[in-house]
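As a plain string of letters, each chain reads:
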Amino acid sequence: MGRVFTSNPLSLSVPDPAFESWLRDSGYLEVLDNIPSSSSSAAPNTTASTTSTTVTHGILHYLWTLVSLFTVNPFSKLTTDDFSAATPSWTREFLGFLDSYAFPSSPETLRLRVLENVKRYARNYASLFILFFACSLYQMPLALVGLLSSLALWDFFKFSNERWKLDQYPVIRQILIRIAQCATVVILISLNVQMALFSAFALSYAVMLLHAAFRKLTPAKQTSRGRSST
């Protein structure tokens, strides 16, 4: 624990896993984000390594950290409550400043950032997806026509259901629902609505991963801590 605590008169120490577990449970994730990995801290102590070996080790470390980005499931800890919370500020909290970004020191730090930032900025990422989807529809007018046509089809079905009391004829109602569903699928596929949806999802997913991986963690309980100190 020399990298966390200095020596004390009572020679008290806490194992690293126990200390990191306490930080996670207490919400001090930004402290874990700032702790360097053991591999990165041990590399400069090797006196026999040459400059080229050090550079190669650093490049491999960065590449391995980036590759680990594709093994993280960013939605594993996401819940519906994350979307019901207030939207974080786009400037001060979501974007931040230049010093709010840094390359993750290890794959563990990258995974911690992605999982935590996706939970914190879930509403921001959802808004970006809607924005990208709207831009995709603007670039693909036929997809916009297909989406509006499918919505108009279901509005017409709802109007017909209320006007002709189709609830009294469940068999006919089920047949009309299946016809409307098939017609909706044909319209969406033929007018490339799925391509607009896929391109918006791919772009927003890439932006979400990069932002969550390079955005440093900030104190999640900053307000409560300030109140308790006063």
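Rules used throughout
Residues numbered from 1 in each chain as written. Predicted model: local features only at pLDDT ≥ 70, side-chain atom pairs only at ≥ 80, totals over all residues. Heavy atoms only, no water. UniProt positions renumbered as here; feature names shortened; annotations may be inferred. Helix = DSSP H or I, 4+ residues; strand = E, 2+ residues; numbered from the N terminus. Buried < 20%, exposed > 50% of the residue type's maximum accessible area, 1.4 Å probe, protein only. Contact = heavy atoms within 4.5 Å. Core = buried A, V, L, I, M, F, W, Y, C linked by side-chain atoms within 4.5 Å. Polar contact = N/O pair within 3.5 Å; in protein donor to acceptor, adjacent residues only side chain to side chain. Phe/Tyr/Trp six-rings, centres within 6.5 Å; stacked < 30°, edge-to-face > 60°. Expected span 1.5 Å × (residues − 1). Arc of directions from axis to C-beta.

Some points on the UniProt feature "transmembrane region" (unreviewed entry) in the protein chain
Part 1: When the UniProt feature table is mapped to this numbering, "transmembrane region" (unreviewed entry) covers residues 125–154 and 197–214.
Part 2: Note that residues 197–214 is 100% helix and 0% strand, and that its end C-alpha atoms are spaced 26 Å apart.

Overview of the side chain of Thr65
Part 1: Assignment of secondary structure puts Thr65 in helix α4 (residues 51–67).
Part 2: Under the relative-accessibility criterion, Thr65 is labelled buried at 0%.
Part 3: With near-sequence residues (within four places) excluded, Thr65 lies in contact with Phe103, Pro104, Ser106, Pro107 and Leu110.

Section: the nonpolar core
Part 1: Counting 21 residues, the largest nonpolar core has Leu69, Leu110, Val114, Val118 and Tyr125 as the members making the most contacts within it.
Part 2: Among the secondary structure elements, those contributing two or more residues to this core are α7 (107–120), α8 (122–139) and α11 (193–214).
Part 3: Ranked by residues supplied to this core, first place goes to α11 with seven residues.
Part 4: Setting aside residues up to four positions removed in sequence, Val118 forms contacts with Pro74, Leu78, Arg113, Tyr125, Met208 and Ala212.

A word on the side chain of Asp82
Part 1: Position of Asp82 among the secondary structure elements: in helix α5 (residues 81–84).
Part 2: Accessibility expressed as a relative area gives 14% for Asp82, which makes it buried.
Part 3: In terms of polar contacts, Asp82 uses its side chain to reach the side chain of Lys119, at 3.1 Å.

Notes on the packing of aromatic side chains
Part 1: One pass over the structure, following the stated rule, counts 10 aromatic pairs.
Part 2: Where Phe94 meets Tyr121, the ring centres are 5.5 Å apart and the plane angle is 80 degrees; that geometry is what we call edge-to-face. Residue Phe94 is located in helix α6 (residues 90–95), and its partner Tyr121 is located in the loop between α7 and α8; the two are separated by 27 residues in the primary sequence.
Part 3: For Phe94, a relative accessible area of 5% puts it in the buried group.
Part 4: On the basis of relative accessible area, Tyr121 is assigned to the buried category, the value being 4%.

Describing helix α10 (residues 170–190)
Part 1: Between its terminal C-alpha atoms α10 stretches 30 Å, which fits the 30 Å expected from 21 residues at 1.5 Å a residue.
Part 2: Among all positions in α10, only Ile177, Ala180 and Thr184 are buried. With its buried residues spanning 65 degrees around the axis, α10 presents them on a single face. In α10, the exposed positions angled more than 90 degrees off the buried face are occupied by Val171, Ile179, Cys182, Val186 and Ile189.

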